[in-house]
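Now for the letters of each chain:
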Amino acid sequence: MRRITAAAPAPRSAEGGAAGAPETGQGAGLRTEFAFELPRGYVDESGTVHRSGVMRLATARDELVPLRDDRVRENSAYLSVVLISRVVVRIGTVEDVHPGVIEDLFASDLAFLQDFYRRINSEGHTRARVTCPACREDFAVELSGGGGRLGES
């Protein structure tokens, strides 16, 4: 399912630019697809590694349908596999992204996609514009995890 709706401006990063490169939907319309690069990559049956991909914004249906899936009912941890498979449009040249493809990802790539899902479905970014209390300089701070403490590079 691919949608491009011209209803609202594209999400902006703290620096004023777009928050991720859209795969489609140029112009002033709402961006619904976001490009990503997997840390390790999906290895298909022939051994080809696919790293670049596209994820679309989730709909309410995307979040509700997996709850009826028997695999999710048996193991709630499977919810993220089904949900991610519904919103990933493609990984490399693989356009038929189903739960089996997501199951075959490396754990770090699944964690990356879970984080990416959270970021694009909540304002499109996790940056905030802040002002240094000492020098009054404005700058952007990344709020998503990264392991460091605030103020550390």
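Per-chain numbering applies: the sequence of each chain, read as written, is numbered from 1 onward. Given that the model is predicted, a residue must reach a pLDDT of at least 70 before its local features are reported, and side-chain atom pairs must reach 80 or more before they are shown or counted; all residues, however, enter totals for whole chains, interfaces and linings. The side-chain values count all of the structure's non-hydrogen atoms but skip hydrogen atoms and water molecules.

(A) Main features of the confidence of the model for the chain. With 70% of its residues at a pLDDT of 70 or more, the chain has an overall mean of 79. Mean pLDDT in the chain bottoms out at strand β4 (residues 127-131), which sits at 72, and peaks at strand β3 (residues 88-91), which reaches 98. Confidence of the predictor at the level of single residues is given by pLDDT, which spans 0 to 100. Residues are treated as being in contact if the distance between any of their heavy atoms lies within 4.5 Å. Across residues 1-26 the pLDDT falls below 50, and counting only partners more than four positions away or on other chains, this stretch makes 63 contacts in the model. Taken as a whole, residues 145-153 scores under 50 in pLDDT and shows 0 contacts with residues more than four places along the chain or in a different chain. The numbering of helices and of strands both runs from the N terminus, where a helix is a DSSP run of H or I of at least 4 residues and a strand a run of E of at least 2.

(B) Just the packing of aromatic side chains, in detail. Geometry of aromatic contacts follows a simple scheme: Phe, Tyr and Trp rings, the Trp one being its six-membered ring, pair when their centres are within 6.5 Å, and the pair is stacked under 30 degrees between planes, edge-to-face over 60, tilted otherwise. Inspection of every chain in the model, using the stated rule, returns 3 aromatic pairs. Ring centres of Phe-36 and Phe-116 lie 5.7 Å apart, and the angle between their planes is 65 degrees; this geometry places the pair in the edge-to-face category. Of this pair, Phe-36 sits in strand β1 (residues 33-43) while Phe-116 is found in helix α5 (residues 107-120), placing the two residues 80 residues apart along the sequence. For the residue pair Phe-36 and Phe-116, the accessibility class agrees, reading buried in each case. Each residue gets one of three labels from its accessible area relative to the maximum for its type: buried under 20%, exposed over 50%, partly exposed in between, using a 1.4 Å probe on protein chains only.

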